[in-house]
Amino acid sequence: SGTLRKREFGPQINHCGPVDDGDYYDVLAGSQVVVSTAIHDFQGLAVLEAAARGCVPLVPDRLAYPEFFAPQYRYPGEPGDPDREARTVASRLAGLETQYRNGNLPPAPDLRHLSWERLLRQYAGAMGLHD
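How each quantity is defined
- Residues numbered from 1 in each chain as written.
- Predicted model: local features only at pLDDT ≥ 70, side-chain atom pairs only at ≥ 80, totals over all residues.
- Heavy atoms only, no water.
- Helix = DSSP H or I, 4+ residues; strand = E, 2+ residues; numbered from the N terminus.
- Buried < 20%, exposed > 50% of the residue type's maximum accessible area, 1.4 Å probe, protein only.
- Contact = heavy atoms within 4.5 Å.
- Areas by Shrake-Rupley, 256 points an atom, 1.4 Å probe, with all protein chains shown as cover.
- Lys, Arg positive; Asp, Glu negative; His and termini not counted.
- Charge placed at Lys NZ, Arg CZ, Asp CG, Glu CD.
- Phe/Tyr/Trp six-rings, centres within 6.5 Å; stacked < 30°, edge-to-face > 60°.
- Pairing = 2+ DSSP bridges.
- Arc of directions from axis to C-beta.
- Core = buried A, V, L, I, M, F, W, Y, C linked by side-chain atoms within 4.5 Å.

Focus on the overall build of the protein chain
In step 1: Secondary structure summary: the protein chain contains six helices and three strands in total.
In step 2: Along the protein chain, helices and strands appear, N-terminal first, in the series α-α-β-α-β-α-β-α-α.
In step 3: In the protein chain, which comprises 131 residues, the proportion classed as buried is 26%.
In step 4: Put simply, of all contacts in the protein chain between residues at least 6 apart along the chain, 40% involve residues at least 24 apart.
In step 5: Surface exposure of the protein chain reaches about 9,100 Å², of which carbon and sulfur atoms provide 54%.
In step 6: Mean positive and mean negative side-chain charge positions of the protein chain (13 and 17 charges, respectively) differ by 5 Å.

Shown next, in the form of structure tokens:
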């Protein structure tokens, strides 16, 4: 449960559990890393949104994530062996924490190419609309 994780990992966890709409962007702004262990996800929008706000993603090498994130942000998923996957995620998180403490956390990926401003012309062209 969220309470157990918060009690076990204390200050390493910025937020655990649901977030009120008004606080969502504040939680993202105060975070350095976003983690996904999703086995089913439509597009990974929450992770994309967090990364666009500056969080370093740590995501499985499955679903839509390889389309959006370079290998440095992915870990090998093991859906058939959840214990092994959990150890992999924990190890990668420990490495990111060390990098953060040493001031050399990798930058969040640049996702500006996915912004509405950049995609608007592509969408308009695909729909046959003109400026």
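As for the packing of aromatic side chains
In step 1: All told, the structure shown has four aromatic pairs when counted by the stated rule.
In step 2: Summarising the aromatic geometry, the rings of Phe69 and Tyr73 are spaced 6.5 Å apart at their centres and angled 70° between planes, so their arrangement reads as edge-to-face. There is no split in this pair, since Phe69 and Tyr73 are both buried.
In step 3: Every member of this aromatic cluster is reached through a ring pair, and the members are Tyr65, Phe69 and Tyr73.

Examining the sheet that holds strand E1 (residues 33-35)
In step 1: Spatially, E1-E2-E3 is the arrangement adopted by the three strands of the open sheet, whose pairing is parallel. The sheet is open, and its two borders are formed by E1 and strand E3 (74-75), each paired with just one other strand.
In step 2: Sheet topology places strand E2 (residues 56-60) next to E3; two bridges connect them, and they run parallel. In the strand pairing of E3, Pro60 is matched with Tyr75.

Structural notes on helix H3 (residues 45-52)
In step 1: Looking only at H3, the buried set comprises Val47, Leu48, Ala50 and Ala51. All buried residues of H3 fall inside an arc of 165° around its axis, so they share one side. Seen from the buried face of H3, the exposed residues on the opposite side, beyond 90 degrees, are Leu45 and Ala52.
In step 2: Against the buried residues of H3 lie helix H2 (24-29), E1, E2 and helix H4 (65-68).

Considerations on the nonpolar core
In step 1: In terms of nonpolar packing, the biggest core is built from 18 residues, with Val47, Tyr65 and Phe69 touching the most fellow members.
In step 2: The leading source of residues in this core is H3, at four residues.
In step 3: Filtering out sequence-adjacent residues up to four positions away, Tyr65 remains in contact with Ser36, Ala38, Asp41, Gly44, Val47, Val59, Pro60 and Arg74.

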